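Per-entry structural report
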Amino acid sequence: MNDKNGSFMKSKRRLIDNILWIGLIAVLAALIFIPGAIGKSTHTHVLVLVLLYASMAQSWNILGGYCGQISFGHSVFFGLGAYGAGMAMVTYGSMPWLGILAGAIIAAVTSVLLGWPCFKLRGHYFAIATFAIVEIFGRVFLIWDWIGGALGLDYPIIKDSWSYFLWSSNKTGYYTGALVLFVFIFGVVRYIESRKLGYYMRAVKEGQETAESLGVNSTKVKLTAMALSAFLAALCGAFFAQYNYRVDPPMVMSLDMSMKFVLITILGGMGTFWGPFLGAAVLIPLQEYTRTSLAFLGPGVDQMVYGLLIIFMMVRQPKGIMGFLAEFGILGRNEKKEATGDDAS
Amino acid sequence: MDFFVQVLIDGLMNGAIYGLVAAGLSLIWGVMDVINFAHGEFLMVAMYTCYWIGMLVGLDPLFSWVLTGAFLFFLSAGSYKFIVRRSIGKAAMAPLLATFGLSIFLKNFCLNRFTPNFRLLSGTSLEGKVTHIFGAIVSQPKLVTAIFSLVMLCVLHYMIKKTRIGRAIQATAMDREAAELMGVDTERIFTLVFGIGGMCVGIAGGFMTSYLAVFPEVGALFSLIAFVVVALGGFGSIPGALCAALLIGLVESFAGFYIAPVMKYVAVFALYLAVVLVRPKGLFGW
């Protein structure tokens, strides 16, 4: 009886989620067609960043949230994707698409090669190993002349077009691109959430030994999650390079960039579908707002607010905004259990 | 040959200093299984404290390390009381991320107050003095810092192994509940361990101000090196941290001299990865 009720609740939850999801896409897509809503304004810039950072966080969420492997090394894959696009545009002077694909594939392969040995490490040792990997990549890229070294790659100014994925006069193209990326990455996660891989990943997160005893090949699951996560992070990196018209090592392959992946997801709610979007939707506008409105207090004040927000969140509710929603009873009983990981009920 | 001795001595001196910076982190990690991400920023705060004491009061870093050590003891213990303690046990990595938030705050606070400019304390008693050891030229402030780091590490090791409070710390690290049953106030021990961790880095920072310029980003590299030292040395072990730190210091200076300056940290981090993949708990871990 109880079980039946539970599964009914779950399917109802899924239905609501689907409606919310399709509604969100419809609203975001409709903005493109409303004249004046999207264009040159800073609001468009904030919207593009929200979609980009939500996508990045969601790509990290696959490995960190669903599979439970907290990596601080995702800026490496992000950077590989950015350099894929940058090399195609700047060094080979061609359209970026092949480069983006190549960068994403290289990122996925690299992630497997790095993940294979690193998954032997647990907890903090894994975290520190991923820090070390970021430092190595960042510094090697800094002195590697073929890819532009410390100067990085500066994009040429060309005519706005979809074939080059570059726009200089207005941001509508970037907004559309970011929306496609967002829908694609969230769609992938939505798809695997209810598939075998999604269940395997959550099983590995809950307890690797238990999952293995039930016949889950945990190494294979972790590596699959890692490769998928890296591939998607690389796509975000490519978009980032196209959007900024340049790429250099400190911009993409830094520890701060890695932390962005982690913090946005955690701020929203790790291991939940909506978490990465909520985290980005709260953090990015807040940061852009504090940077301009608190500028009179001198440099760094927006970052101080950011730091305090992280501290507050970790002290008050490490499950993020999803945890807050559950706490205030906005989600139902089942969801509360899911979001807070509380098995007591 | 001259170069070899010079590089060797430089590496050993850097290693000893890294040892003291990492010791506090190692202790915290060993006893509480928490990574204090703000460790490098504590170092930066210590250096600024020492710098301002030197500028405003005119006290030499040779003496003001006592004050920076005491100040960092309270700063670190306070950040445990108000931040870390409240985030422990809530979610994976919550304390790490909370201290990361603290590190961003401290870094940008100093950026805001003291500008990003490099500040070097001038007019200290050892400024510009050098000693010649086997043909190598050694800067005295750095040599004093290195020797004092070794002394401090010995004191710390003695304190943990021999004194009553040290045994209580060891007991808490081994089994918190059992220690509580034996009458150890583990909450106080945790605060104390955090305080001692901050004190180590405060003392190191105080001495380092005599030869190193202070700026808001100064801690970032030191904290990464400290993480690597601790993971390499095995957590909670002071001799392990010292050995790992000396190794890291040597690799850094030899790779910097014989390969390329920019490769020195690549070599350090690559060495760490290579070791940890063979021995997942570090060289001296178990």
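What you see is a predicted model; the values in this text were computed from it and never measured. All residue numbers here refer to positions counted from 1 along the written sequence of the relevant chain. Ligands are numbered from 1 and chains lettered from A, in the order in which they are written. Reporting in this predicted model follows two pLDDT cut-offs: at least 70 for local features of residues, and 80 or more for side-chain atom pairs to be given and counted; totals over whole chains, interfaces and linings ignore these cut-offs and use all residues. With hydrogens and water excluded, all non-hydrogen atoms of the structure serve as input to the side-chain values.

Thoughts on the overall build of chain B
When helices and strands are counted, chain B shows 11 helices and two strands. In chain B, the order of α-helices and β-strands from amino to carboxyl end is α-α-α-α-β-β-α-α-α-α-α-α-α. Scaling as 2.2 N^0.38, a compact globule of 286 residues should have a C-alpha radius of gyration of about 19 Å, and chain B matches this with 19 Å. With respect to the principal axes defined by its C-alpha atoms, chain B has extents near 60 × 45 × 35 Å. Classification of residues uses two cut-offs on accessible area relative to the type maximum, computed with a 1.4 Å probe and protein chains only: under 20% is buried, over 50% is exposed, and between them is partly exposed. Counting all 286 residues of chain B, 57% fall into the buried class. At a minimum sequence separation of 6, the contacts of chain B that also span at least 24 residues come to 75%. Accessible surface computed for chain B: about 11,700 Å², of which carbon and sulfur atoms make up 70%. Charged residues are defined narrowly, with Lys and Arg counted positive, Asp and Glu counted negative, and His plus the chain ends left uncounted. Think of each charge as sitting on NZ of Lys, CZ of Arg, CG of Asp or CD of Glu. Mean positive and mean negative side-chain charge positions of chain B (18 and 13 charges, respectively) differ by 5 Å. For helices the rule is a DSSP run of H or I covering at least 4 residues; for strands it is a run of E covering at least 2, with both sets numbered from the N terminus onward. For this measure, only C-alpha atoms enter the radius of gyration; the expected value for a globule follows 2.2 Å times N^0.38, where N is the number of residues. The criterion used for residue contact is that any of the two residues' heavy atoms lie within 4.5 Å. Method for areas: the Shrake-Rupley scheme with a 1.4 Å probe, in which residue coverage is limited to the protein chains shown.

A word on the nonpolar core
We define the nonpolar core as a collection of buried residues of types Ala, Val, Leu, Ile, Met, Phe, Trp, Tyr and Cys that are connected through side-chain atoms lying within 4.5 Å of one another. Judged by nonpolar contacts, the single largest core of 208 residues is most densely connected at Tyr53(A), Phe72(A), Phe182(A), Phe239(A), Leu97(B) and Tyr272(B). If you tally residues by element for this core, the top one is helix α1 (residues 2-32) of chain B, at 16 residues. Once residues lying within four places of it in the same chain are set aside, the contact partners of Leu97(B) are Phe72(A), Met259(A), Val262(A), Leu263(A), Ile266(A), Ile310(A) and Met314(A).

Concerning the interface of chain A and chain B
One widely used convention gives an interface's size as the accessible area the parts lose upon coming together. Contacts between chain A and chain B engage 43 residues on the former and 44 residues on the latter. Regarding the contact of chain A and chain B, the summed buried area is about 3,800 Å², with carbon and sulfur atoms giving 81% of it. Contact with chain B buries area across many residues of chain A, yet His124(A), Tyr125(A) and Ile128(A) alone supply 20% of it, more than any other trio. By convention in these notes, a salt bridge is any Lys or Arg side-chain nitrogen within 4 Å of a carboxyl oxygen on Asp or Glu. Where chain A meets chain B, there are zero salt bridges. The definition of a polar contact used here is a pair of N or O atoms within 3.5 Å, where within protein one atom must be able to donate a hydrogen and the other to accept one, and adjacent residues in sequence count solely through side-chain atom pairs. Linking chain A with chain B are three residue pairs in polar contact (both at pLDDT 80 or more), by the criterion used here. Secondary structure elements with two or more residues in the side of chain A that touches chain B: α4 (96-118), α5 (123-143), α11 (255-268) and α13 (301-316) of chain A. Buried area is understood as the total, over both parts, of accessible area removed when two parts are fitted together, assessed with a 1.4 Å probe.

As for the environment of Leu246(B)
Residues and elements named next belong to chain B. Assignment of secondary structure puts Leu246 in helix α10 (residues 238-258). For Leu246, a relative accessible area of 25% puts it in the partly exposed group. Leave out the neighbours within four places in its chain, and Leu246 touches Leu12, Gly15 and Ala16.

Examining the pairing of strand β1 (residues 130-133) of chain B
Residues in a regular strand point their side chains to alternate faces of the sheet. Residues and elements named next belong to chain B. Pairing analysis gives four bridges linking β1 to strand β2 (residues 136-139), with the strands arranged antiparallel. The residue of β2 that forms the bridge with Ile133 is Ala136. Hairpin connection, β1 to β2: the antiparallel pair is bridged by two residues, and Phe134 has positive phi, about 45°. Think of it this way: DSSP has to see at least two bridges between two strands before they count as a pair.

Structural notes on the confidence of the model for chain B
Low pLDDT marks stretches whose predicted atomic positions should not be read closely. Along the chain, pLDDT gives the predictor's confidence residue by residue, from 0 to 100. Summarising the model, chain B shows a mean pLDDT of 87, and 99% of its residues fall at 70 or more. In the predicted assembly, ipTM is 0.87 and pTM is 0.88.

Some thoughts on the pattern of salt bridges
Residues and elements named next belong to chain A. Across all of its chains, the model carries 10 salt bridges over all chains by this definition. With its nearest N and O atoms 2.8 Å apart, the salt bridge here joins Arg246 to Asp154. Of this pair, Arg246 sits in strand β2 (residues 246-247) while Asp154 sits in strand β1 (residues 153-154), and the two are 92 residues apart along the sequence. For Arg246, a relative accessible area of 22% translates into the label partly exposed. Relative accessible area serves as the criterion here: at 49%, Asp154 is assigned to the partly exposed category. One salt bridge in this structure joins Arg291 and Asp302, with 3.5 Å as the shortest N-O distance. On the criterion of sequence distance, the pair formed by Arg291 in helix α12 (residues 275-293) and Asp302 in helix α13 is long-range, its members being 11 residues apart. You can call Asp302 buried: its relative accessible area is 10%.

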